[in-house]
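Structural overview
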Amino acid sequence: MPTTLTTDHQFSAGATRLVHCSMATQLQAGALLTGTPSAVEQTTSDLTIANVAVNDASYVDDETNKTVEVGQAVQFTVAGGSADTTYTVRVTASTDSTPAETLVYDLTMEWV
């Protein structure tokens, strides 16, 4: 079962935004995300999701105010969406831990 995350951000219809999905709390000690992650809308085909990748620079998470290090999050751009609609994007990534793991998150985002 995926871990469900609800972003505190509200997105404007028509905007293109960079989204980060931190998986830091689920990684084993010393493990990083690896390979090609995915981000797929679950409920409609309204969103355009592009540039899906493991983060290659650290950033401060807007919601937790904690630094997320390189290799601990999936980032992507999202565009489209309709006002007054909530969307779910399933984010999946593999780890370099032994044995390797696959982490799955459902990220809920609200458009206004």
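Residues numbered from 1 in each chain as written. Predicted model: local features only at pLDDT ≥ 70, side-chain atom pairs only at ≥ 80, totals over all residues. Heavy atoms only, no water.

**Section: the pairing of strand 8 (residues 85-95)**
Pairing of strand 3 (residues 33-41) with strand 8 involves 6 bridges; the strand directions are antiparallel. By the bridge assignment for strand 8, Glu 41 is matched with Val 89. Sheet topology note: the strand 8/strand 9 (residues 102-111) ladder contains 10 bridges and is antiparallel. Each residue of the ladder has a partner; that of Tyr 87, found in strand 9, is Met 109. The hairpin turn running from strand 8 into strand 9, its antiparallel successor, is 6 residues long. (Pairing = 2+ DSSP bridges. Helix = DSSP H or I, 4+ residues; strand = E, 2+ residues; numbered from the N terminus.)

**With respect to the sheet that holds strand 4 (residues 47-54)**
Taken together, 3 strands build an open sheet; the order of strands is 2-7-4 and the sheet is antiparallel. The two strands at the open ends of the sheet, each matched to only one other strand, are strand 2 (16-22) and strand 4. Neighbour to neighbour, the strand axes of the sheet diverge by 25° on average, direction disregarded. As defined by bridge partners, strand 2 adjoins strand 7 (residues 73-80) across 7 bridges and the pair is classed as antiparallel. Bridge pairing links Cys 21 to Val 74 in strand 7. (Axes fitted to C-alpha atoms, helices over the stretch in contact; angles between N-to-C directions.)

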